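Listed here are the chains, written in short residue letters.
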Amino acid sequence: MKIWLDGTLQDLEAARVSVFDHGLTVGDGIFETVKSVDGKPFALTRHLDRLARSARGLGLPEPDLDEVRRACDAVIEANPMPLGRLRITYTGGLSPLGSDRGEQGPTLVVALGEAARRPDSTATVTVPWTRNERGALTGLKTTSYAENVVALARAREQGASEALFANTVGQLCEGTGSNVFVVLDGEIHTPPVASGCLAGITRALTVEWTGAKETDLPLDVLERADEIFLTSTLRDVQGVHRVDARELPGAPGPVTAKAMRVFDERAADDLDP
């Protein structure tokens, strides 16, 4: 396995990041997960645009996106696989212990791991913790991910693959690593970015390709929606057959199944939409 670390491809066993890297000590970093299909990244331009937005939001130096592209290409070429999870991580770099950043510049890591196609539907749970739609990190894809780790562990304990959050005013927001859509009377709805959810790449494409509406939704919409589905880089569009104790028989339902089909067809036609 080869990874990219600060300008070069390195063997996994030899690649090392300092224990004083700000991404480790205080979670001062950003990342993107990109799907790699048969040696080609999907929607890389959109992911790099979001990486740059996250860097600006966190006050990190602007990443060299040409270098990140070269790194992605090099890692994919060095590690051939049919379906992969390409992880781009960009941190505050070597820094003193504490919240202040150091002067040596950021760290860039690009790595690739094998992935498997997800099932057509999955189970989810809601969790008692909330997303802060007004927080300093809202809308940024940062390495400060511990609350997602905690929530996902809760979901796994209950036989689910994803946990769903409300925001501080009780509106449906997002999952730990996914966006959520509901079908009401045949129409597809998803929470707006103002709810505090991440502006997911797959979310945006799904909205564009299906005509889904961005709507403020109460959390209890999950108790009455006709269909529910998730979107993310590696889920693409995935139906939900259970939320907490509520079963949704026949998932993915007809609207979700059409969204899945449309997404697969459009993504196959253009790898960098």
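Anything mentioned here points back to the structure above.
Residues numbered from 1 in each chain as written. Predicted model: local features only at pLDDT ≥ 70, side-chain atom pairs only at ≥ 80, totals over all residues. Heavy atoms only, no water.

Observations regarding the layout of surface pockets
Item 1. Considered as a void within the structure, the largest pocket measures approximately 1,200 Å³ in volume.
Item 2. Looking at the largest pocket, it is lined by 49 residues, and the ones nearest its centre are Lys 141, Tyr 145, Thr 176, Gly 177 and Ser 178.
Item 3. Considering each element in turn, the lining of the largest pocket owes the most residues, five residues, to helix α4 (residues 146–157).
Item 4. Partitioned by chemical class, the residues of the lining of the largest pocket number 13 nonpolar, 24 polar and twelve charged.
Item 5. Taken as a whole, the second largest pocket encloses approximately 270 Å³ of empty space.
Item 6. Along its surface, the second largest pocket is lined by 14 residues, and Lys 35, Val 37, Asp 236, Asp 264 and Ala 267 are the ones closest to its centre.
Item 7. Sorting the residues of the lining of the second largest pocket by element identifies β3 (29–37) and α6 (254–269) as the ones contributing at least two each. (1 Å grid on protein atoms, 1.4 Å probe; cavity = no way out; pocket = protein on both sides within 12 Å on 5 of 7 lines; lining within 4 Å. Points joined across faces, edges and corners; volume = space filled by probe spheres on them. Helix = DSSP H or I, 4+ residues; strand = E, 2+ residues; numbered from the N terminus. Nonpolar A, V, L, I, M, F, W, Y, C, P; charged D, E, K, R; others polar.)

Remarks on a negative patch on the surface
Item 1. A cluster of acidic residues, Glu 265, Asp 269, Asp 270 and Asp 272, forms a negative patch on the protein surface.
Item 2. With respect to the element layout, Asp 269 can be found in helix α6.
Item 3. Look at Asp 269 and you get exposed, because its relative accessible area is 67%. (Patch = residues over 30% accessible without salt bridge, like charges linked within 9 Å, V, L, I, M, F, W, Y side chains within 5 Å. Areas by Shrake-Rupley, 256 points an atom, 1.4 Å probe, with all protein chains shown as cover. Salt bridge = Lys/Arg side-chain N within 4 Å of Asp/Glu carboxyl O. Lys, Arg positive; Asp, Glu negative; His and termini not counted. Charge placed at Lys NZ, Arg CZ, Asp CG, Glu CD. Buried < 20%, exposed > 50% of the residue type's maximum accessible area, 1.4 Å probe, protein only.)

Regarding the sheet that holds strand β2 (residues 8–11)
Item 1. Within the open sheet, the six strands sit side by side as β2-β1-β6-β5-β3-β4. Their pairing is antiparallel. At either margin of the open sheet sits one strand with a lone partner, and together these are β2 and β4 (40–41).
Item 2. Alignment of β3 against strand β5 (residues 83–91), held across nine bridges, turns out to be antiparallel. Across the sheet, residue Glu 32 finds its bridge partner in β5, namely Ile 88.
Item 3. In this fold helix α2 (residues 44–58) packs onto β3, β4 and β5, with an angle of close to 175° to the strand it touches most, β3.
Item 4. Its contacts with the sheet place helix α3 (residues 65–78) against β1 (2–5), β2, β3, β4, β5 and β6 (107–114), and it is angled at close to 30° to β6. (Pairing = 2+ DSSP bridges. Contact = heavy atoms within 4.5 Å. Axes fitted to C-alpha atoms, helices over the stretch in contact; angles between N-to-C directions.)

As for the nonpolar core
Item 1. Leu 86, Ile 88 and Val 110 are the most contacted members of the largest nonpolar core, which has 23 residues in total.
Item 2. Of all the secondary-structure elements, those providing two or more residues to this core are β3, α2, α3, β5 and β6.
Item 3. The dominant element in this core, judged by the number of residues it contributes, is α3, at six residues.
Item 4. Beyond its immediate sequence surroundings of up to four residues, Ile 88 is in contact with Ile 30, Phe 31, Glu 32, Val 34, Leu 48, Leu 51, Val 68, Cys 72, Leu 108, Val 109 and Val 110.
Item 5. One finds Ala 43, Val 207, Ala 212 and Ala 259 within the second-largest nonpolar core, a separate group that totals 17 residues. (Core = buried A, V, L, I, M, F, W, Y, C linked by side-chain atoms within 4.5 Å.)

Overview of the pairing of β2
Item 1. Both β1 and β2 contribute to a ladder of four bridges, which runs antiparallel. Directly across from Leu 5, in β2, lies its bridge partner Thr 8.
Item 2. From the end of β1 to the start of β2, which pair antiparallel, there are two residues, and Asp 6 there has a positive phi angle of about 50°.

Examining the environment of Thr 130
Item 1. Tracing the backbone through its elements, the reader meets Thr 130 in strand β7 (residues 121–131).
Item 2. A relative accessible area of 39% means that Thr 130 is categorised as partly exposed.
Item 3. Spatially, the C-alpha atoms of Thr 130 and Phe 165 are 5.7 Å apart, while their sequence positions differ by 35 residues.

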